[in-house]
Every structure is written in structure tokens, then in C-alpha cells.
Amino acid sequence: MRSFDDAEGGHWQAALIEGSFGDVALVFGRIGGDQVLMRSMRAEAANFGEAEQVLAKLDAAGLRAMLAEAKPWSQGG
């Protein structure tokens, strides 16, 4: 799990989850709020282990870029 601030000073945490058929998603939760966003890691990683390595290497700017591409998370799809 990684913590970072967005461009507006909002505090976020990013964590990986493993989905169906080996897909891995990066889930963003706003600290102190109820906003949850999700972005697939399919383009960056073939499996969970690779996604962990990608996440570990991201700096705050990289996390903000992925946050900008994330979509609202909804249960079941």
C-alpha cells in the first residue's frame, strides 16, 4: 500500500487487488472521504508480483498520473 497527495492536496492510499483471471487493479481510496477509484494494471504487469514491483517503483507523480486515469469503483464491475 502506498500513500500520496494529489495535486489539490487530497490524501490518498493506493493498494493492489487481484481480480478474475489474474487481472490486477490498483485501487485508490481518498483518506477522510468515501471516494474509491480503480485502474487496471494490465498494461504494466502480467501478474500480481509484477504489479507489486511497479507500485513500489512509482513516485508521487506516477501515482497521481495513475489516479488521473482511474475510474469510479463499483462492486460487481
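Note that this is a predicted model, so its numbers are computed, not measured.

Draft legend 1. The packing of aromatic side chains, seen in detail. This model, assessed by the stated rule, comprises one aromatic pair. Measuring from ring centre to ring centre gives 6.0 Å for F4 and F28, while their planes differ by 80 degrees; the resulting arrangement is edge-to-face. With F4 in strand 1 (residues 2-5) and F28 in strand 3 (residues 24-30), the pair connects residues that are 24 residues apart, well separated along the chain. Note on accessibility: F4 and F28 belong to one class, buried.

Draft legend 2. Spotlight on the side chain of R39. Summarising the element assignment, R39 is placed in strand 4 (residues 36-40). Side-chain polar atoms of R39 contact the side chain of E69, separated by 2.6 Å. If near-sequence neighbours (up to four positions away) are discounted, R39 is found in contact with A25, L26, F28, E44, M66, E69 and A70.

Draft legend 3. Representation of the pairing of strand 3 within the structure. Most of strand 3 is tucked away: five of the seven residues are buried. With seven bridges joining them, strand 2 (residues 11-18) and strand 3 adopt antiparallel strand pairing. Considered in strand 3, the bridge of W12 is made with R30. What sits between strand 2 and strand 3 in their antiparallel hairpin is a turn of five residues, with F21 showing a positive phi close to 60 degrees. Pairing geometry for strand 3 and strand 4, over five bridges, is antiparallel. Note on strand 4: the bridge partner recorded for G29 is V36. Linking two consecutive strands that pair antiparallel, namely strand 3 and strand 4, is a turn of five residues; a positive phi of about 85 degrees is found at G32 within it.

Cut-offs applied
Residues numbered from 1 in each chain as written. Predicted model: local features only at pLDDT ≥ 70, side-chain atom pairs only at ≥ 80, totals over all residues. Heavy atoms only, no water. Phe/Tyr/Trp six-rings, centres within 6.5 Å; stacked < 30°, edge-to-face > 60°. Helix = DSSP H or I, 4+ residues; strand = E, 2+ residues; numbered from the N terminus. Buried < 20%, exposed > 50% of the residue type's maximum accessible area, 1.4 Å probe, protein only. Polar contact = N/O pair within 3.5 Å; in protein donor to acceptor, adjacent residues only side chain to side chain. Contact = heavy atoms within 4.5 Å. Pairing = 2+ DSSP bridges.

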